[in-house]
Amino acid sequence: MNYKCNRKPCTAPCGKFIEDENLIEYAFSADLGTFLDVDYKRRILSESLSVNESKIFVRGNELEFGSFQSIEAFMVNAFEQNEDGAKALAKSNLNDEELFLMNGFKNMSAAIILFLILVLPEKVVSVKMRII
């Protein structure tokens, strides 16, 4: 029996944790299509990163930046002098199939912030996974 679901599920993992006295919150949602739909064009619907309750970036239909003050120690050396250009470049190179955290943001920040987010910290506050 073949099962065909017309509804497209949306996956939305998010994590909230404390590392080096910083409260880090990261979430994204993705349209992955239906089960075993190998030809489906998957895409990122939304993505957000906050550090110490200060929005770093929010991605929906467009990419919006908040303040980098809470993570300025993690930014690449020349970021402050080239901030406007880096933001414009990140917005123009946004790819529907890639997480901004793993592509554009990685190029703007030092690798240490990705390490803090991607390696599961010992002090997890909450991790949620939703299929909508």
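Here, every reference points to the structure presented above.
Residues numbered from 1 in each chain as written. Predicted model: local features only at pLDDT ≥ 70, side-chain atom pairs only at ≥ 80, totals over all residues. Heavy atoms only, no water.

A. Focus on the packing of aromatic side chains. In total, this model carries 7 aromatic pairs according to the counting rule given. Arranged with centres 6.1 Å apart and planes meeting at 45°, the rings of Y26 and F28 form a pair that is tilted. Note on F100 and F105: the rings are 6.2 Å apart at their centroids and 55° apart in plane angle, and the pair reads as tilted. An identical accessibility class is assigned to F100 and F105; each is buried. (Phe/Tyr/Trp six-rings, centres within 6.5 Å; stacked < 30°, edge-to-face > 60°. Buried < 20%, exposed > 50% of the residue type's maximum accessible area, 1.4 Å probe, protein only.)

B. The pattern of salt bridges, seen in detail. Scanning all chains against the criterion turns up 3 salt bridges. A salt bridge links K87 to E83, with the shortest nitrogen-to-oxygen separation between them at 2.9 Å. Here the residue K87 and the residue E83 both occupy positions in helix 1 (residues 83-92), the gap between them amounting to 4 residues, near one helical turn. A relative accessible area of 18% means that K87 is categorised as buried. (Salt bridge = Lys/Arg side-chain N within 4 Å of Asp/Glu carboxyl O. Helix = DSSP H or I, 4+ residues; strand = E, 2+ residues; numbered from the N terminus.)

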